[in-house]
Amino acid sequence: MIGVSKIKQYSNVLDKPLSKGKQEVSLSAFAFLFSELVQYNQTQVDNIAELERRLEDAGYAVGARCLELLCHREKGNRRETRLLGILSFVHSTVWKVLFGKVADSLEKGTEHEDEYMISEKELLVNRFISIPKDMGTFNCGAFVAGIVRGVLDNAGFPAVVTAHFVPMEGQQRPRTTILIKFAEEVLRREARVG
């Protein structure tokens, strides 16, 4: 019969399969929503460190949910168990889903064995934010650092994650580096497994 299709009826919304759906959000909508998040939190705090902490906490919740969703969609409910595997997952898969491209670079720290850095020339959350002179060191990348920390903590790789501006020659805006310092237990586990 023409025009008749079989549509499976679901009795409950929880029975419906998770589809990939449309994965893009309007850039202007994101910029507006993120700007409102920053402005709201700015009214709730007294200093820049507290504002960055609140943005990081908001990002942590996003990261935890991202990990669950991406492990289900991309990996068949399997999670990374190795350090380089989870770093590669964050650098490529998570970054691509959130920002539409792979991060510019993933590097191992030269001074400390437990440090890794994800660098981005123009981080999306810093692109549309103008920072007043009185908030000179404020970095909206704290939100992304929170996302990375949420992914790592919930995957079983506890770490301290911070966002830093790194000046670049010939560039007007500094590069944003997400510094990941893993807990000692992660390095011990990695040495035992590897």
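Please refer to the structure placed before this passage.
What you are looking at is a predicted structure, and each value in this text was computed from that prediction instead of being measured. Chains are numbered independently. Their residues run from 1 in the order of the written sequence. Note on the predicted model: pLDDT of at least 70 is required for a residue's local features to be given, and 80 or more for side-chain atom pairs to be given and counted; whole-chain, interface and lining totals, by contrast, use all residues. With hydrogens and water set aside, each side-chain value is computed from the structure's full complement of heavy atoms.

Structural notes on the nonpolar core
Link 1 in the chain: The biggest cluster of nonpolar side chains holds 45 residues, and the ones touching the most others in it are Trp 95, Leu 152, Ile 178, Ile 180 and Phe 182.
Link 2 in the chain: We call two residues contacting when some pair of their heavy atoms lies within 4.5 Å. In contact with Ile 180, not counting residues within four places along its chain, are Leu 87, Asp 114, Glu 115, Tyr 116, Ile 118, Val 148, Leu 152, Ala 159, Val 160 and Val 161. Buried residues of nine kinds, namely Ala, Val, Leu, Ile, Met, Phe, Trp, Tyr and Cys, make up a nonpolar core once their side-chain atoms join them within 4.5 Å. Using a 1.4 Å probe on the protein chains alone, a residue whose accessible area is under 20% of its type maximum counts as buried, one over 50% counts as exposed, and one in between counts as partly exposed.

What to know about the sheet that holds strand 1 (residues 105-108)
Link 1 in the chain: Across the sheet, which stays open at both edges, the 4 strands sit in the order 1-2-4-3 with antiparallel pairing between neighbours. The open sheet terminates on both sides in strands that have one partner only, identified here as strand 1 and strand 3 (159-166). Strand-to-strand twist across the sheet, computed as the mean angle between neighbouring axes with direction ignored, equals 20°.
Link 2 in the chain: At least two DSSP bridges between two strands are required for those strands to pair. Counting from the N terminus, the helices are DSSP H or I runs at least four residues long and the strands are E runs at least two residues long. Relative to strand 2 (residues 115-120), strand 1 is paired through 4 bridges, and the arrangement is antiparallel. Note on strand 2: the bridge partner recorded for Lys 108 is Tyr 116. Structural elements are reduced to axes, namely lines fitted to C-alpha atoms, with helices fitted over the stretch in contact, and the angle between N-to-C directions of any two is expressed from 0 to 180 degrees.

A short note on helix 3 (residues 83-99)
Link 1 in the chain: With 17 residues, helix 3 extends 22 Å from end C-alpha to end C-alpha; this agrees with the ideal 24 Å at 1.5 Å per step.
Link 2 in the chain: Note on bend: the value at a residue is the angle between axes fitted to the seven residues ending there and to the seven starting there. The sharpest bend along helix 3 measures roughly 35° and falls at Val 90.
Link 3 in the chain: For helix 3, the complete set of buried residues consists of Leu 83, Gly 85, Ile 86, Leu 87, Phe 89, Val 90, His 91, Val 94, Trp 95 and Phe 99.
Link 4 in the chain: Gly 100 sits one or two positions beyond helix 3 and adopts a positive phi of about 80°. To estimate the expected span of a helix, count its residues, drop one, and scale the result by 1.5 Å.

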